[in-house]
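# Topology and contacts: notes
Listed below, chain by chain, are the residues.
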Amino acid sequence: MTTKSVRPYREPAGGWGALKALSEALLVQRVPLKGAATLSRMNQPEGFDCPGCAWPDPKHTSSFEFCENGGKAVAWEATSKRCTPEFFAEHTVTELTSWNDYDLEMVGRLTHPMAYDAASDRYLPVEWSDAFDMIGRELRALPDPNMAEFYTSGRTSNEAAFLYQLFVREYGTNNFPDCSNMCHEATSVGLPYSLGVGKGTVLLEDFDKADCIFIFGQNPGTNSPRMMTSLRNAARRGASIISFNPFRERALERFQAPQSPIEMITLSSTAISSKLFQVRVGGDVAVLKGIMKILVEADEAARAAERPEILDWDFIRGHTVGVEALIDDLKRTQWPDIERQSGLTREDMEYAAGAYMKAERAILVYGMGITQHWRGANNVQQIANLALLRGNVGREGAGVCPVRGHSNVQGDRTVGITEVPKADFLERLEQRFGFKPPTAPGHNVVTALEAMIRGEVKAFFAMGGNFAAAIPDWQATQAALRNLDLTAYVATKLNRSHLVHGRAALILPCLGRTEIDVQASGPQSITVEDSMSMVHASGGRNKPASEHLLSEVAIIAGVAKATLGERTVVDWDDFVADYDRIRDAIEAVFPIFQGYNARIRVPGGFHLTSTARERIWATPSGKANFLVFAGCGEDPPQGDPDFLWLTTIRSHDQYNTTLYSMSDRYRGVFGQRDVVFLNEYELKRRGLVDGDRVDLITASTDGAERIVRNFRVVAYSFPTGCCAAYYPETNPLVPLYARDPLSFTPSYKGVPIRLVRSAATGE
Ligand SMILES: Nc1nc2c(c(=O)[nH]1)N[C@H]1C(S)=C(S)[C@@H](COP(=O)(O)OP(=O)(O)OC[C@H]3O[C@@H](n4cnc5c(=O)[nH]c(N)nc54)[C@H](O)[C@@H]3O)O[C@H]1N2
Ligand SMILES: Nc1nc2c(c(=O)[nH]1)N[C@H]1C(S)=C(S)[C@@H](COP(=O)(O)OP(=O)(O)OC[C@H]3O[C@@H](n4cnc5c(=O)[nH]c(N)nc54)[C@H](O)[C@@H]3O)O[C@H]1N2
Ligand SMILES: [Mo]
C-alpha cells in the first residue's frame, strides 16, 4: 500500500507519469505481457472498443493511441486474478462487507454463477440453468411486473441492451433505471427543449476547426484522456481553450503527450487552457449569464455604432424563438449577484466573453460539473443559449459537446433503454415482434429507489454496474435493497452491490469486451455508440477469463426463456446464435440504423445523424429555443451560515466505483481517499488546519442524519464557500430528494454540508 501523503504534483499531466502509472497497473493485475498485447488491439479496426470512456476515436483506424486510464480499464478486465467458488467458500458475506471497494474488485474476474445461501451466509456455485430458473420463478411470482426493476450500466453493448429491453417489455414493464439517470440525464432531458436533440452536435473533426473551446465541469485528463489529443492540437494551433472548474485540474493546465516523442524526450509539454477560472461549485449558471450579458450589451453597442453585430441575428431570427425573454432576463440580472454566485469577477467573464466573441467557431464542452446539480437540465440549457446566441450550432467547428461517461451509455439509450419510451418506438416494436409492449412510464433510478423504500418493489436485476454504491443516500437506499426478495447482477467483478443483497441473490459472470465471444455461427462482434454518435463494431480477442462465462446476450436470453416460458413470441436462441440477427431487428425497430450490418463492416463505423447538426429543430415550435433560468444559481439552505457546497469527485485512479488505487496523482493525494479539500480561508473560519480530522454532515431538510466520519482536511486552492470529496465514499451524504426536478439527476455536485471536528482522533 502507498503511504499516506499530500504533496503537490508539479509535472504536466500525461507524459512519463502516465506511462509509469500504466505499467504499475499492469503489474498489479499481473498482466504485463498479455495486457500489453491486449492494449495494442484497443480501438483498432479489427479490435475491441476501449471499455473506458465514450470519447470517439479518429475513425478507429489510426495506430495505437496511448491512454493511461483506457489502459487501466483494460488491465482491470484482462487481469489474471480470479474470484472463484473457492474464494467464496472461504469468506462469509458478512466478512466481505467489511472489505473496502478496492480489495473487493482486486480479487479478480468472477468465474462461476453464484447464488446466496442464507444458512452459511455464503455465495455458493450454481448451474446456469438453475440460476435462470430461480430468476424466472421470482419474476413470475410477482403480481405485477412493475414490482421489478431492470437496471443497465453503460458498458452493455447495443445488442445486449436491445435484447434486454425486448425481454423486459415482453415481461411487462418500463422500469429501466440506468446509470445515465445519474449522469447525463440532464442532457437527455434538458437539451431537447433547446435544440430538439438530447445528444451533442459535434464530431471529432470539429475540434480541428474550432477557434475557441470552453470546458465546463469536465476533467478530460482523467475521464476521457484521448480528448487531450484534440485539445493539445487545438492549443498548438492557437485556439483559445477556457476552462471553468473549481479545481485547477492538472491536465487542463499542462499536458505532455505520450504519443509525442519530442515532448517525451525533451520533457516539454503543451499549455492547454489559455485560462482556467476557478468557478464556485454550482456557479456555472452565474458565469454563463455573465458572459451572455456582456455579449448582449456589446452587441447593442456595436449596432448603435454601426459596427458589425456580435450576436448572429440572421441565425437568431431564422432559427430560434425566445431571445427577447432571454435578453430581458439578462438585463435584469445584476453584477453583484453574478459575481457572488460564480465566485469570479466581472473582468474574468469579460475575458471569456472576449474570446468567445472573437471566435468564428466555438465548441462548448461540458460534463458532470454541469449535469449533476439541483437544476442540471436548466444548466445544460444555458450552455445551449450561449451557443445559439452566436449561431454556434450546426456549423463546422462549432457546437455543443456533452462528454458522455460509460463507453456505450449513449447507445443503450438509442436502442431502447428508457423508462419513458416514445409511442412510435413502441409501435414499431409491436409490429416487428407481435406483442403489446407496456406504455405506462416506468421508473428511473430515483423513482425506483423511492418505490423500493415504500416497499413497492420486490425484485432488482442489474445488467452490469455497481448500483448499491453508485446511488445516493446509502442509509435509506441500501436498506431498501436489502429488503428485496431478489437481487441479481450480471457482472465481471465482485463489488459492493453483490453484498447489499436481497433474500435470494445471484451473481452472474459475463464475458468482457476484450474476450472472444463464440456462438453457433462463430465469433461475434458487438457494437457501441460513442459520445459523438459514431457507431462501430467491437470484437474481443482474449481467451475468456473462465469457461463458465456467458455473454451478456446469452444471459439475457436465458433469463427471458425461464421467465416468459411458453408465452414468449421471440426466438431467443436464434438471436444468440448470430448477433447480425439482433442488429437486423434493431434496424427494423429504429430506422436510423438503416444498413446496420453492412455499415459496421466499414472500418470506423457510421454516424447516427443528428437533426440539430443540420439545423433541423425537432422541437414543438420547429425552432431552437432560448430558455430562461430564473435566478443565478442554487438556493442555499436556510438559517445555516456555516454551510459549504460539497461536490463529489473522481480521483485520477478510479473508474466510477472501481478503485485502481487509493491515490490521486494529479491532485497530489496519495494512499488515502477519506479526504476533504477546502481553502485556507474556510479552514481558518472554522479553526481548522491542514491534517485535522472532521465529520461531514449534510444540512438535510427532512430531519434524517446523513454523516461520514473522520475525514482528513486538505488545504487546497479551491473557491470559497465550497469543498470537495471523493465519490462513492461520500454518497451517504447525498439526499435522495436532492435532485433535478426535470431529469431526476442526483445533485452529486452540490450538497450543502457542515464540517464538525471529529471526536475520534488520529488515523
Ligand atoms: N478514468 C475514468 N474515466 C471515466 C470515469 C471514471 O470514473 N474514471 N467515469 C466515466 C463516467 S460514467 C463519466 S459520467 C465521465 C465523468 O467525467 P467528468 O464529467 O469529467 O466527471 P467528474 O470527474 O465527476 O467531474 C468533472 C469535473 O467537474 C468539476 N466540478 C465539480 N463541481 C463542479 C461545478 O459545480 N461546476 C463546474 N464547472 N465544475 C465542477 C470537478 O472538479 C471535475 O474536474 O467519465 C467517464 N470516464
Ligand atoms: N456521489 C457521486 N455518485 C455518482 C457519481 C458522482 O459523480 N458522484 N457519478 C454517477 C455516474 S456519472 C455514473 S455513470 C454512475 C456509475 O454507476 P455504475 O455504472 O452502476 O457503476 P460502475 O462503477 O461503473 O460499475 C462497475 C461494475 O461494473 C461491472 N462491469 C464492468 N465491466 C462489465 C461488463 O462488461 N459487463 C457487465 N455486465 N458488468 C461489467 C463490474 O462488476 C464492476 O464492479 O455512478 C453515479 N454516482
Ligand atoms: Mo457517468
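In this text, all values refer to a predicted model and were calculated from it rather than measured experimentally.

## Some words on the site of ligand 2
The environment of ligand 2 is made up of 31 residues, and the closest members are Y151, S153, E552, T657 and N731. A distance of 2.5 Å separates an oxygen atom of ligand 2 from a polar atom in the side chain of T657. Across the complex, the protein chains shield 96% of the 930 Å² of accessible surface that ligand 2 would expose by itself. Those elements giving two or more residues to the shell around ligand 2 turn out to be α24 (467–470) and β17 (486–491).

## Looking at the pattern of salt bridges
Applying the stated criterion across every chain yields a total of 45 salt bridges. Of the charged contacts, one joins K293 and E297 as a salt bridge, the two residues approaching to 3.8 Å between their closest N and O atoms. Of this pair, K293 and E297 both sit in helix α14 (residues 284–304), four residues apart, which is roughly one turn of that helix. Residue R673 is joined to E729 by a salt bridge in which the shortest nitrogen-to-oxygen separation is 2.6 Å. Remark: E729 occurs in the loop between β32 (722–726) and β33 (751–757) and R673 occurs in the loop between β28 (669–670) and β29 (675–678); sequence separation between them is 56 residues. R673 sits in the buried class, given a relative accessible area of 2%.

## Quick look at the site of ligand 1
Residues in close proximity to ligand 1 total 29 residues, the closest being E249, D284, R650, Q654 and N656. Between an oxygen atom of ligand 1 and a side-chain N or O atom of R650, the distance comes to 2.7 Å. Here ligand 1, which alone exposes 910 Å², has 98% of that area covered by the protein. Breaking the shell around ligand 1 down by element, the ones donating at least two residues are α10 (220–223), α19 (368–371) and β26 (654–655). Residues belonging to the shell around ligand 1 are distributed by class as follows: nine nonpolar, 16 polar and four charged.

## Notes on the UniProt feature "domain: Molybdopterin oxidoreductase" (unreviewed entry) in the chain
Per the UniProt record, "domain: Molybdopterin oxidoreductase" (unreviewed entry) is annotated on residues 109–486. Annotated as 48% helix and 13% strand, the span residues 109–486 places its first and last C-alpha atoms 23 Å apart.

## A word on the packing of helix α9 (residues 185–195) against helix α20 (residues 376–389)
Contact geometry for α9 and α20: axes closest at 8 Å, N-to-C directions at 40°. In terms of axis orientation, α9 runs oblique to α20. In this structure, α9 crosses over α20, and the sense of that crossing is right-handed. The residues of α20 that touch α9, namely those facing A186, T187, G190, L191, Y193, S194 and L195, are G376, A377, V380, Q381, A384 and L388. The residue makeup of the contact of α9 with α20, split by class, is eight nonpolar, five polar and no charged.

## Comments concerning the packing of helix α1 (residues 15–28) against helix α3 (residues 68–77)
Close contact between α1 and α3 brings their axes to 9 Å; oriented N to C, the two are set at 5°. In terms of axis orientation, α1 runs roughly parallel to α3. In contact with A18, A21, L22, A25, L26 and V28 of α1, α3 contributes E68, G71, K72, A75 and W76. Partitioned by chemical class, the residues of the contact of α1 with α3 number eight nonpolar, one polar and two charged.

## So, the packing of aromatic side chains
One pass over the full model with this rule turns up 41 aromatic pairs. With a centroid separation of 5.7 Å and 40° between ring planes, the pair formed by F214 and Y356 is classed as tilted. Of this pair, F214 sits in strand β8 (residues 212–216) while Y356 sits in helix α18 (residues 346–358), and the two are 142 residues apart along the sequence. An aromatic cluster of three or more residues is present, and its members are F162, F425, F433, F575, F590, F593, Y596 and F606. Above the face of the Y655 ring, R155 is positioned so that its terminal group lies 5.2 Å from the ring centre. Sitting over the face of the ring of F433, R432 holds its NZ or CZ atom 4.6 Å from the ring centroid.

## Examining the nonpolar core
In this structure, F162, F167, F433 and F461 are the most contacted members of the largest nonpolar core, which totals 66 residues. Ignoring anything within four residues of it in the chain, the contact list for F167 reads L139, F150, I556, V559, A560, T563, L564 and W572. Ranked by size, the runner-up nonpolar core spans 56 residues in total, among them F216, L311, F315 and A355.

## Remarks on the domain arrangement of the chain
What the domain assignment reports for the chain is domain 1 (114–178 + 408–603), domain 2 (185–402) and domain 3 (644–757). For domain 2 and domain 3, the distance between their C-alpha centroids amounts to 26 Å. Across the contact, 26 residues belong to domain 2 and 30 residues belong to domain 3. Among the residues domain 2 hides against domain 3, the three largest losses belong to F247, Q372 and W374. Together they make up 35% of the total. Taken together, the connections running from domain 2 to domain 3 amount to one salt bridge. Across the pair E249 and R667 runs a salt bridge whose closest N-O atoms are separated by 2.8 Å. Taken together, domain 2 and domain 3 are joined by 10 residue pairs in polar contact (both at pLDDT 80 or more). Every element with two or more residues in the side of domain 2 that touches domain 3 is listed here: α9, α10, α19 and α20. Within the side of domain 2 that touches domain 3, the residues separate by chemical class into nine nonpolar, 11 polar and six charged.

## Comments concerning the pairing of β8
When you tally the buried positions in β8, you get five out of five residues, the bulk of the element. Residues C212, F214 and F216 of β8 are buried on one face, and the alternating residues I213 and I215, pointing to the opposite face, are buried as well. Both β8 and strand β9 (residues 240–244) contribute to a ladder of five bridges, which runs parallel. Counted as the bridge partner of I213 is I241 from β9. Bridge count for β8 against strand β14 (residues 362–366) is five bridges, and the pairing is parallel. For F216, the partnering residue across the bridge sits in β14 and is Y366.

## A closer look at the sheet that holds β9
Think of a sheet as strands paired side by side through backbone hydrogen bonds, with each pair either parallel or antiparallel. Strand order in this open sheet of five strands is β12-β9-β8-β14-β15, and the pairing throughout is parallel. At either end of the open sheet lies a strand with only one pairing partner, and these are β12 (275–277) and β15 (399–402). Ignoring strand direction, the axes of neighbouring strands in this sheet form an average angle of 15°. α18 contacts β8, β9, β12 and β14 of the sheet and is inclined by roughly 140° relative to β9. Most of the contacts of α20 go to β14, to which it runs at about 175°, and overall it touches β8, β14 and β15.

## Concerning unusual backbone geometry
Omega for the bond connecting Y727 with P728 falls within 30 degrees of zero, at 5°, which places this linkage in the cis form. Mapped onto the fold, P728 is located in the loop between β32 and β33. You will see that D121, though not glycine, has its phi angle at about 55°, which is positive. Position of D121 among the secondary structure elements: in the loop between β5 (114–117) and β6 (122–125). Judged by relative accessible area, which is 16%, D121 ranks as buried. Although it is not a glycine, R615 adopts a positive phi angle of roughly 60°. Structurally, the position occupied by R615 is in the loop between β23 (606–607) and β24 (624–625). In this structure R615 comes out as partly exposed when scored by relative accessible area, which is 23%.

Basis of the calculations
- Residues numbered from 1 in each chain as written.
- Chains lettered and ligands numbered in written order.
- Predicted model: local features only at pLDDT ≥ 70, side-chain atom pairs only at ≥ 80, totals over all residues.
- Heavy atoms only, no water.
- Near = heavy atom within 4 Å.
- Polar contact = N/O pair within 3.5 Å; in protein donor to acceptor, adjacent residues only side chain to side chain.
- Areas by Shrake-Rupley, 256 points an atom, 1.4 Å probe, with all protein chains shown as cover.
- Helix = DSSP H or I, 4+ residues; strand = E, 2+ residues; numbered from the N terminus.
- Salt bridge = Lys/Arg side-chain N within 4 Å of Asp/Glu carboxyl O.
- Buried < 20%, exposed > 50% of the residue type's maximum accessible area, 1.4 Å probe, protein only.
- Nonpolar A, V, L, I, M, F, W, Y, C, P; charged D, E, K, R; others polar.
- UniProt positions renumbered as here; feature names shortened; annotations may be inferred.
- Axes fitted to C-alpha atoms, helices over the stretch in contact; angles between N-to-C directions.
- Parallel < 35°, antiparallel > 145°, perpendicular 65-115°, else oblique.
- Left-handed = near helix turned anticlockwise from the far one by under 90°.
- Contact = heavy atoms within 4.5 Å.
- Phe/Tyr/Trp six-rings, centres within 6.5 Å; stacked < 30°, edge-to-face > 60°.
- Lys NZ or Arg CZ within 6 Å of the ring centre and 35° of its normal.
- Core = buried A, V, L, I, M, F, W, Y, C linked by side-chain atoms within 4.5 Å.
- Domains from an automatic or database assignment.
- Buried area = accessible area lost by both parts, 1.4 Å probe.
- Pairing = 2+ DSSP bridges.

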